Amino acid sequence: MSSDRSLRRFGFISGLVMLTVLAGCQVRPLYSEASGTGERLASVGFEQPHTRLDQVVRNHLVFLTSGGAGESAHPAYEVKLTTKSTSSNISEDEDNDSVSPTGVPVPGRVRVEGIYTITRISDGKILKSSKREVVSLIDVSGQGYASLRAVRDAENRAARELAEFIRAEIAIALAREPQPQTVWQK
């Protein structure tokens, strides 16, 4: 009976210690508002697109960086973006048709590549310049329109994913930027 009571007491004290330790833990996003990254992301402007794919990536980036509020009227940073897309079959058939002899769609891939540069507008300093690539898988059928539509849908999926990668890298670059010093006046 005495050991049962001491075991319960030990369990109770251990539980209190664990609760005390866990109460000191803080969980928050890596690029939280406390670091000012959200405000900096909202002050990013994007170069006008040149292709349909540039437009898809740009639109998604504007939405992701501004939280749906639209592009900044007076951006502090500018992102120049160029994208290109290539599609290919995965299988290595001798006849290299887009459809197998049995009429079954052949798997393929669409590769979307984005090259971007983040520049601070005030002094023209390049904060980051990089290239990202995303692959989206498709089934290429024997019907011409269906194949074109499958490629277009895969490009759109890859473009949205590419925008999310680029947004994360923009956030990292802006988080490394020194905070502007606030001058307090009396």
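Note that the coordinates shown come from a computational prediction; the quantities given were computed from them, not determined experimentally.

Caption draft 1: The overall build of the protein chain, seen in detail. In terms of regular secondary structure, the protein chain is built from 4 helices and 4 strands. A total of 186 residues make up the protein chain; the buried ones form 31% of that total. Contacts in the protein chain between residues at least 24 apart in sequence constitute 69% of all its contacts with a sequence separation of at least 6.

Caption draft 2: Representation of empty space enclosed by the protein. If you walk through the whole model with that rule in mind, you get 1 cavity of 30 Å³ or more. Size it by volume and the largest cavity reaches roughly 50 Å³. In terms of lining, the largest cavity is formed by Phe46, Glu47, Gln48, Pro49, Asp54, Arg58, Leu61, Val79 and Leu81. Among the elements of the structure, α3 (52-66) and β2 (77-89) are those that each provide at least two residues to the lining of the largest cavity.

Caption draft 3: Broad picture of a nonpolar patch on the surface. A contiguous nonpolar surface patch, about 600 Å² in accessible area, is contributed by Phe12, Ile13, Leu16, Val17, Leu19 and Val21. Positionally, Leu19 belongs in helix α1 (residues 2-23).

Caption draft 4: Quick peek at α3. Its 15 residues place the ends of α3 21 Å apart at the C-alpha level, agreeing with the 21 Å of an ideal helix rising 1.5 Å per residue. Taken together, the buried positions of α3 are occupied by Leu53, Asp54, Val57, Arg58, His60, Leu61, Val62, Thr65 and Ser66. Gly67 sits one or two positions beyond α3 and adopts a positive phi of about 70°.

Caption draft 5: Structural detail: the environment of Asp123. You can see Asp123 is positioned in the loop between β3 (106-120) and β4 (126-140). At a separation of 3.1 Å, a polar atom in the side chain of Asp123 contacts the main-chain amide nitrogen of Lys125.

Caption draft 6: Just the side chain of Ser136, in detail. One can find Ser136 in strand β4. For Ser136, a relative accessible area of 8% translates into the label buried. Looking at Ser136, its side chain comes within polar contact range of the side chain of Arg157, at 2.8 Å. With residues near it in sequence (within four places) discarded, Ser136 still touches Gly108, Arg109, Val110, Ala154, Arg157 and Ala158.

Caption draft 7: Broad picture of the packing of aromatic side chains. Summed over the entire model, instances satisfying the criterion amount to 0 aromatic pairs. We note Arg132 situated over the ring of Phe165; from NZ or CZ to the ring centre the distance is 4.5 Å.

Calculation notes
Residues numbered from 1 in each chain as written. Predicted model: local features only at pLDDT ≥ 70, side-chain atom pairs only at ≥ 80, totals over all residues. Heavy atoms only, no water. Helix = DSSP H or I, 4+ residues; strand = E, 2+ residues; numbered from the N terminus. Buried < 20%, exposed > 50% of the residue type's maximum accessible area, 1.4 Å probe, protein only. Contact = heavy atoms within 4.5 Å. 1 Å grid on protein atoms, 1.4 Å probe; cavity = no way out; pocket = protein on both sides within 12 Å on 5 of 7 lines; lining within 4 Å. Points joined across faces, edges and corners; volume = space filled by probe spheres on them. Patch = residues over 30% accessible without salt bridge, like charges linked within 9 Å, V, L, I, M, F, W, Y side chains within 5 Å. Areas by Shrake-Rupley, 256 points an atom, 1.4 Å probe, with all protein chains shown as cover. Salt bridge = Lys/Arg side-chain N within 4 Å of Asp/Glu carboxyl O. Expected span 1.5 Å × (residues − 1). Polar contact = N/O pair within 3.5 Å; in protein donor to acceptor, adjacent residues only side chain to side chain. Phe/Tyr/Trp six-rings, centres within 6.5 Å; stacked < 30°, edge-to-face > 60°. Lys NZ or Arg CZ within 6 Å of the ring centre and 35° of its normal.

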